[in-house]
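Breakdown of the fold
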Amino acid sequence: MSNHTQGTALITGASSGIGATYADRLAKRGYDLLLVARDQGRLETLAAQLRSSTSVKVEVLKADLTNAADVSGLEQRLRTDASITLLLNNAGVAANSTLAQADLGEVDLLIQLNIVALTHLASAAAAGFVARGRGAIVNIASVVPMIPERFNAVYTASKAYVLSLTQSLNAEIGEQGVQVQAVMPGATRTEIWERAGMDLTAFPAEMVMEVGEMVDAALAGFDQKELVTIPSLPDAADWDALVNARLALGPNLSLQQAAARYKTSGA
Ligand code: NAP
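This paragraph deals with the environment of Tyr262. By the secondary structure assignment, Tyr262 is in the segment after helix 8 (236-249). Within the structure, the side chain of Tyr262 is placed 2.9 Å from the side chain of Arg261, a separation counted as a polar contact.

Structure below.
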């Protein structure tokens with residue numbers, strides 16, 4: 001039941017899939033909601049349902065996050081509305097073509113949504129939350145940056161950006177009262193596949209997670225204060241090993257001398 005102490009969660013891409021499921025779960029946790037997407041009708045339907053099943057306040061805000069003016073309006077809201085305590089940067093689109101064959105207009109829209117809007121909103125939220133000494137930023141990435149050879153370049157790179165941004169952002173503000181999390185879902189049953197012209201039924205059933213299970217796991221990771229949550233990963237030590245291998249490169253990533261193997265030719 002709602003206790004109204006949580007503040008307001010701003011959820012982008014709340015009209016379907018992962019965003020709509022977070023809206024349900026966060027309402028049940030007592031967050032008031034600010035639901036953002038382009039499809040106002042779907043947002044209103046979800047809002048009415050959540051208002052009747054919980055006692056939280058739900059506001060609907062129609063915005064196209066590929067539109068700079070719409071993003072700017074949300075930035076202002078995040079900077080100035082002290083009731084907002086959580087930003088869920090979830091809105092995103094997938095792609096289904098190789099870089100060589102890509103429609104660059106669609107590539108630009110993907111980058112605007114998955115990268116530019118997400119960055120602007122994270123920046124505005126970070127400023128507001130640091131000033132207030134409280135807040136959380138959850139960025140929905142994907143597991144695809146772990147398997148870049150197996151997914152198209154632009155979507156994969158956009159999600160690698162989200163992961164990297166989140167890791168650096170946490171280093172910048174994690175000690176200032178702001179919780180930061182990147183969620184890396186695997187294949188999850190939502191509309192995104194069909195929207196991008198991909199067939200989820202081509203995946204083995206054991207690789208596809210239901211959206212409720214995905215979001216509940218991500219929220220469990222949030223409660224455990226994880227910086228990175230991979231809902232399906234059985235052993236968190238596997239992720240820690242990857243991070244430790246990366247950190248082990250550290251002392252050798254910037255040195256005065258080139259490595260010996262690069263000094264053998266053309267000398
Ligand atoms: P989805 O059901 O298609 O939801 C995408 C949401 O983004 C919708 O609410 C959509 O609403 C919104 N959106 C799309 N374009 C927008 C725009 N220009 N401006 C504002 N909102 C926009 O897909 P989903 O799977 O829940 O995706 C949510 C996030 O999870 C995405 O970032 C996606 O990359 C990530 N993810 C998904 C999977 C998966 O397998 N499903 C796996 C890894 C990561 P409107 O159409 O109403 O605007």
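Still more ground to cover, so stick around.
We now examine the nonpolar core. Ranked by internal contacts, the top residues of the largest apolar core, which has 33 residues, are Ile11, Tyr22, Leu26, Leu33, Leu35 and Leu86. When contributions to this core are tallied by element, the ones reaching two or more residues are strand 1 (8-12), helix 1 (17-28), strand 2 (32-37), helix 2 (40-53), strand 3 (58-62), strand 4 (84-89), strand 5 (135-140) and helix 7 (211-223). Core analysis: the second largest hydrophobic core is formed by 23 residues, Leu65, Ala117, Leu121 and Val180 among them.

So, about the layout of surface pockets. There is about 260 Å³ of room inside the second largest pocket. As for the second largest pocket, its lining consists of 14 residues, of which Glu226, Val228, Thr229, Ile230 and Ala236 are closest to the centre. When residues of the lining of the second largest pocket are traced back to their parent elements, those giving at least two are strand 7 (228-229) and helix 8. It is helix 8 that provides the largest number of residues to the lining of the second largest pocket, a total of five residues. When grouped by side-chain class, the residues that make up the lining of the second largest pocket number nine nonpolar, two polar and three charged.

Once that is clear, we can look at the pairing of strand 4. Here strand 4 lies mainly inside the structure; six of its six residues are buried. Relative to strand 4, strand 1 runs parallel, the two being bridged by four bridges. Residue Leu10 lies in a different strand from strand 4, and its bridge partner there is Leu87. Note on the crossover from strand 4 through helix 4 (residues 104-132) to strand 5: the handedness is right-handed.

What follows deals with empty space enclosed by the protein. Gaps left between atoms are located by rolling a probe of water-molecule size over the structure's atoms. One pass over the structure, following the stated rule, counts two cavities of 30 Å³ or more. Volume-wise, the largest cavity comes out at about 40 Å³. Looking at the lining of the largest cavity, the elements with two or more residues in it are helix 1 and helix 7. Among the residues making up the lining of the largest cavity, the classes are represented as seven nonpolar, one polar and no charged. Considering only enclosed or pocket space, the second largest cavity measures out at about 30 Å³ in volume. Lining the second largest cavity are Thr12, Leu65, Asn89, Asn90, Ala91, Leu113, Ala117, Leu118 and Leu121. Residue contributions to the lining of the second largest cavity peak at four residues, all from helix 4. When its residues are assigned to classes, the lining of the second largest cavity shows six nonpolar, three polar and no charged.

The rules behind each value
- Residues numbered from 1 in each chain as written.
- Predicted model: local features only at pLDDT ≥ 70, side-chain atom pairs only at ≥ 80, totals over all residues.
- Heavy atoms only, no water.
- Helix = DSSP H or I, 4+ residues; strand = E, 2+ residues; numbered from the N terminus.
- Polar contact = N/O pair within 3.5 Å; in protein donor to acceptor, adjacent residues only side chain to side chain.
- Core = buried A, V, L, I, M, F, W, Y, C linked by side-chain atoms within 4.5 Å.
- Buried < 20%, exposed > 50% of the residue type's maximum accessible area, 1.4 Å probe, protein only.
- 1 Å grid on protein atoms, 1.4 Å probe; cavity = no way out; pocket = protein on both sides within 12 Å on 5 of 7 lines; lining within 4 Å.
- Points joined across faces, edges and corners; volume = space filled by probe spheres on them.
- Nonpolar A, V, L, I, M, F, W, Y, C, P; charged D, E, K, R; others polar.
- Pairing = 2+ DSSP bridges.
- Right-handed = clockwise from strand over helix to strand, strands pointing away.

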